[in-house]
Amino acid sequence: MGNRPVTLCTCQWADLPFDELCALASKMGYDGLEVACWGNGIDIDRAYSDDSYVAWIKETLAKNNLICKALACHIIGQCVGDAPDPRLNNFAPAALADKPEEIRAWAIDTMKKAPVVAKKLGCYVVTGFTGSPIWKWLYSFPQTTEEMVENGYDEIVRLWSPILDEFKANGIKFALEVHPGEIAFDYYSTEKLLRKFADRPEFGLNFDPSHLLWQGVTPQLFLRDFMDRVYHVHMKDAAVTLDGRSGLLGSHIDFGDLRRGWNFRSLGHGDVNFEEIIRVLNAAGYDGPLSVEWEDSGMDRIEGATEAAAFVKKVDFKKSDVKFDDAIAN
């Protein structure tokens, strides 16, 4: 068993009151939380201005023997870089519905506050999304020009640079979860984005193997190549089940439906090779959290997340501090 903390990403649990979720996470075997900043998770505006609220969060975590090393701001960050999209109404305050420029302004302002809140809570990283003004052009018909793509990347740099200034000022990292729908969604789109942010060490990655696997990208190779910019790690599984009818693009069929060509799975029930991932993390000296993002529409979430915590603790072996054949040397 390794010594990295096993945390629960609360993105899929923000329907539960925070104190109830803390008690449940502790009971399920977690060492801490990666707390979502929406729903019943952390209210960034309140935490930014109300130190008594921050103290309550810390007390609630401590009472349940939990740590918090990361905040999750995925849906807020999505609103920064996306093109106008009515689906963002579901992520922003209700009063801003169908006002895309106001949604973006709210998202930028909130993301600037996020590193301040993270610092107050003793976190070192904020995980999340950037959004993408060009994701809708994923398939290049009608034809997508190189200039259109380049302009999309440059727009992300323009929008996120003032936010990253605040991260730098507060000594907090931002870790983009490479994910469909983001400006960086696979290997080469990530490579391109990191070149754009080469002089921004506060900008890095939240490694999540599940989103790479179904695209045909080998997660441990991605991790090894980009390890110097990986600031946080998600433990999440997926299974590819192409059967001759199903396709990788999902057919507009919801997650969990067995007709899909792939689905997220509870840890250990999919195709991700977690042992190879642990070996890369060990070689790199990563000692941050292993954060379970639990998504499996075919399994009870409490049963699944409990099993997942135990799975990660079992698979997270320590690196060796000796050569195995030292004992037979002269």
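Higher on the page you've got the structure.
Note that the structure is a prediction, hence the values are computed from the model and not measured. (Residues numbered from 1 in each chain as written. Predicted model: local features only at pLDDT ≥ 70, side-chain atom pairs only at ≥ 80, totals over all residues. Heavy atoms only, no water.)

Draft legend 1. Structural context of the layout of surface pockets. Its volume calculated, the largest pocket comes out at about 1,000 Å³. Forming the boundary of the largest pocket are 32 residues, of which Arg87, Phe91, His179, Pro180 and Gly181 lie nearest the centre. Listing elements by their share of the lining of the largest pocket, those giving two or more residues are helix 4 (74–81) and strand 9 (262–265). Looking at which element gives the most residues to the lining of the largest pocket, the answer is helix 4, with 3 residues. Here the lining of the largest pocket is composed, by residue class, of 15 nonpolar, 8 polar and 9 charged. (1 Å grid on protein atoms, 1.4 Å probe; cavity = no way out; pocket = protein on both sides within 12 Å on 5 of 7 lines; lining within 4 Å. Points joined across faces, edges and corners; volume = space filled by probe spheres on them. Helix = DSSP H or I, 4+ residues; strand = E, 2+ residues; numbered from the N terminus. Nonpolar A, V, L, I, M, F, W, Y, C, P; charged D, E, K, R; others polar.)

Draft legend 2. Seen up close, empty space enclosed by the protein. All told, the structure shown has 2 cavities of 30 Å³ or more when counted by the stated rule. Lining the largest cavity are Cys79, Asp82, Ala83, Pro84, Leu88, Pro100, Glu101, Ile103 and Arg104. Along the lines of polarity and charge, the residues of the lining of the largest cavity split into 6 nonpolar, no polar and 3 charged. Looking at the second largest cavity, its volume works out to about 40 Å³. Every residue along the wall of the second largest cavity is listed here: Thr10, Trp13, Ala14, Leu16, Phe18, Leu21, Val35, Asn40 and Gly41.

Draft legend 3. Spatial organisation of the pattern of salt bridges. Counted according to the given criterion, the structure contains 20 salt bridges. Between arginine 104 and glutamate 155 there is a salt bridge, with the nearest N and O atoms lying 3.5 Å from each other. Here glutamate 155 lies in helix 6 (residues 146–170) and arginine 104 lies in helix 5 (residues 100–121), a separation of 51 residues in the sequence. For arginine 104, a relative accessible area of 13% translates into the label buried. By relative accessible area, which is 23% here, glutamate 155 ends up partly exposed. Of the charged contacts in the structure, one is a salt bridge between glutamate 150 and lysine 192, with a shortest N-O distance of 2.7 Å. You can see glutamate 150 sitting in helix 6 and its partner lysine 192 sitting in helix 7 (residues 187–196), a full 42 residues away along the chain. Residue classification places lysine 192 among the buried positions, given a relative accessible area of 18%. When salt bridges that share partners are traced, they join Glu150, Asp154, Lys192 and Lys196 into one network. (Salt bridge = Lys/Arg side-chain N within 4 Å of Asp/Glu carboxyl O. Buried < 20%, exposed > 50% of the residue type's maximum accessible area, 1.4 Å probe, protein only.)

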